[in-house]
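If you want the building blocks of each chain, they are given just below.
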Amino acid sequence: MAYPYEVPQPPRQQRPWKTILIVLGVVLVLCCGGLVFGGYQLFKGVKNATEPARTAADTFVTHLEDGNADAAYALLCEATQAKFTSAAFRDGVASQPKIRSHSFSGVNVMNNNGRTTATVTLVLTLDTGFTDRHAFPLVKEGGEWKVCGQPY
């Protein structure tokens, strides 16, 4: 009930800045969420592309560390196996300083005209105390990564 002496109040004005700020805040949250999701997917894709090559090089060098030259020879590509017999590879490994440990320095996977190759760079610690940064070239043969070129 309105009192006869009450002055009517003017209608409350809308504050457009409040609405604009809320909309901008929502857009900002959605954009940041999209960037985080995209970054995660990119990281996951790169890891999925490089991890098999990294594992192949790690297995190869671990066999050399363990003195199992025959198992390491089995991880060589066909072209490298054609250059070295298993006995020649075993003799070559025996004439080199023994690898005591290794760590990863980098992995690079490339696809050029349908041919997938990789280069895995490892830091090898030898029994002489010397540390060698060695790049292992790899190729994909039959769906598996194989060490190719001058292996060690």
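Small disclaimer: the values here were computed from a predicted structure and weren't measured.

Peer 1: How do you make sense of the state of the cysteines when you look at a structure like this?
Peer 2: Here a disulfide denotes one covalent bond, and it connects the sulfur atoms of two cysteines. For the structure shown, the criterion picks out one disulfide. With its sulfur 1.9 Å from that of its partner, Cys-77 forms a disulfide with Cys-148. Torsion about the S-S bond of the Cys-77 and Cys-148 cystine: about 65 degrees, corresponding to right-handed handedness. With a gap of 71 residues between them, Cys-77 in the loop between helix H2 (69–74) and helix H3 (78–83) and Cys-148 in the segment after strand S4 (144–147) connect regions that are remote in the sequence. What makes Cys-148 buried here is its relative accessible area of 13%.

Peer 1: Teacher, can you tell me more about the pattern of salt bridges here?
Peer 2: Two side chains bearing opposite charge may form a pair once their charged atoms approach each other closely. The tally for this structure, following the rule as stated, stands at two salt bridges. Its salt-bridge partner being Asp-70, residue Arg-90 comes within 2.5 Å of it at the nearest N-O pair. With Arg-90 in helix H4 (residues 86–95) and Asp-70 in helix H2, the pair connects residues that are 20 residues apart, well separated along the chain. Arg-90 gets classed as partly exposed once you look at its relative accessible area, which sits at 37%. Given a relative accessible area of 42%, Asp-70 falls into the partly exposed group. Arg-100 is the salt-bridge partner of Asp-127, the closest N and O atoms lying 3.9 Å from each other. One end of the pair, Asp-127, is in the loop between strand S2 (115–126) and strand S3 (131–141); the other, Arg-100, is in strand S1 (residues 99–112), and 27 residues separate them in sequence.

Peer 1: How should I be thinking about the nonpolar core in this particular structure?
Peer 2: With 22 residues, the main nonpolar core has Phe-60, Phe-89, Phe-136 and Leu-138 as its most contacted residues. Mapped by element, the contributors of at least two residues to this core are helix H1 (16–65), H2, H4, S2, S3 and S4. Residue contributions to this core peak at six residues, all from H1.

Peer 1: What should I look at first to understand the sheet that holds S4 in this one?
Peer 2: Sheet strands line up and pair through hydrogen bonds in the backbone, either parallel or antiparallel. The strand order S1-S2-S3-S4 describes an open sheet built from four strands, whose pairing is antiparallel. Two strands in the sheet have a free side with no partner beyond their single neighbour: S1 and S4. Taking the axes of each pair of neighbouring strands and ignoring which way they run, one obtains an average angle of 30 degrees across the sheet. Two strands pair when backbone bridges link them, and S2 and S3 are joined in this way by nine bridges, in the antiparallel orientation. Pairing of Val-123 across the sheet is with Arg-133, part of S3.

Rules used in this analysis
Residues numbered from 1 in each chain as written. Predicted model: local features only at pLDDT ≥ 70, side-chain atom pairs only at ≥ 80, totals over all residues. Heavy atoms only, no water. Disulfide = S-S within 2.5 Å. Helix = DSSP H or I, 4+ residues; strand = E, 2+ residues; numbered from the N terminus. Buried < 20%, exposed > 50% of the residue type's maximum accessible area, 1.4 Å probe, protein only. Salt bridge = Lys/Arg side-chain N within 4 Å of Asp/Glu carboxyl O. Core = buried A, V, L, I, M, F, W, Y, C linked by side-chain atoms within 4.5 Å. Pairing = 2+ DSSP bridges. Axes fitted to C-alpha atoms, helices over the stretch in contact; angles between N-to-C directions.

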